Amino acid sequence: MAVTLNVNGSTHEVDADPATPLLYALRDNLGLNGAKYGCGLGQCGSCTVMVDGEPVFSCVTPILMVEGRAVTTVEGLGTIEEPGPMQSAFIEAQAAQCGFCIPGMMMRAQALLQKNPAASDQEIRAALEPNLCRCGTHMRILAAVRRAGELMQAAGLPASDGRTG
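Reading guide: rules and limits
Residues numbered from 1 in each chain as written. Predicted model: local features only at pLDDT ≥ 70, side-chain atom pairs only at ≥ 80, totals over all residues. Heavy atoms only, no water. Helix = DSSP H or I, 4+ residues; strand = E, 2+ residues; numbered from the N terminus. Rg over C-alpha atoms; globule rule 2.2 N^0.38 Å. Buried < 20%, exposed > 50% of the residue type's maximum accessible area, 1.4 Å probe, protein only. Contact = heavy atoms within 4.5 Å. Areas by Shrake-Rupley, 256 points an atom, 1.4 Å probe, with all protein chains shown as cover. Lys, Arg positive; Asp, Glu negative; His and termini not counted. Charge placed at Lys NZ, Arg CZ, Asp CG, Glu CD. Polar contact = N/O pair within 3.5 Å; in protein donor to acceptor, adjacent residues only side chain to side chain. Core = buried A, V, L, I, M, F, W, Y, C linked by side-chain atoms within 4.5 Å.

J.: Lay out the overall build of the protein in plain terms, naming residues and giving numbers.
T.: Counting secondary structure elements, the protein contains five helices and five strands. Element order for the protein, N to C, with α for helix and β for strand: β-β-α-β-β-β-α-α-α-α. Relative to its length of 165 residues, the protein is compact, with a C-alpha radius of gyration of 15 Å against a globular reference of 15 Å. Along the longest, intermediate and shortest principal axes, the C-alpha atoms of the protein span 45 × 35 × 30 Å. The buried share of the protein, reckoned over its 165 residues, is 45%. Considering only residue pairs separated by 6 or more positions, the protein has 59% of its internal contacts joining residues 24 or more positions apart. For the protein, the accessible area works out to roughly 8000 Å², and carbon and sulfur atoms hold 52% of it. The protein carries 11 positive and 16 negative side-chain charges, and their two centres are separated by 10 Å.

And the structure:
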């Protein structure tokens, strides 16, 4: 059965069982490998993407649940040649060590900053709490999210959407 997905502003027909986790469709069908498989149980956050601007664990979200909704992955935040504010801030802060958790962290932070680009450290920590990082770059991640908020404000990005809609 084909399921229609709107990912990063483009429409895709995915020929898969409607119960297929979104993570698998993104990686296997669409070649978007930013979201990572970590636990497969929605407990680590490495698979986090945004659906209609809200962070979700794509490893436990069936594709049927997101049909007709806007899915944004880390690839939708910018490109290698032109990284978006969130990506630029993480690069600037050297927030990644192994990098496995970073796409999920970016997506959860993006969802927060789209609503509140001037989020406090306490708000950032609360928003990122569902995502785990074993490397210990937490302080750099926090600094990167603060910087991303500054960049988003300076760029005049609307609070309702980052770079994609």
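J.: Account for helix H1 (residues 22–29), naming residues and giving values.
T.: Because each turn of an α-helix spans 3.6 residues, side chains separated by three or four positions end up pointing in the same direction. Inspection of H1 places Leu-22, Leu-23, Ala-25 and Leu-26 among the buried residues, and these make up the whole buried set. In this fold, the buried residues of H1 make contact with strand S1 (2–7), strand S2 (10–15), strand S3 (48–51) and strand S5 (70–72). One or two positions beyond H1, positive phi appears at Gly-31, with a value near 70°.

J.: Give a description of the side chain of Thr-73 that names residues and reports values.
T.: By the secondary structure assignment, Thr-73 is in the loop between S5 and helix H2 (85–92). Within the structure, the side chain of Thr-73 is placed 2.6 Å from the side chain of Glu-75, a separation counted as a polar contact.

J.: I'd like to hear about the nonpolar core, residue by residue, with values.
T.: By size, the foremost hydrophobic cluster in this structure holds 28 residues, and its most contacted members are Met-86, Phe-90, Ile-141 and Val-145. The set of elements that each furnish at least two residues to this core consists of H2, helix H3 (102–115), helix H4 (121–128) and helix H5 (138–155). No other element matches the eight residues that H3 contributes to this core. Leave out the neighbours within four places in its chain, and Met-86 touches Leu-77, Met-106, Ala-109, Gln-110, Leu-113 and Ala-148. Val-7, Ala-16, Leu-22 and Cys-47 belong to the second largest nonpolar core, which has 18 residues in total.

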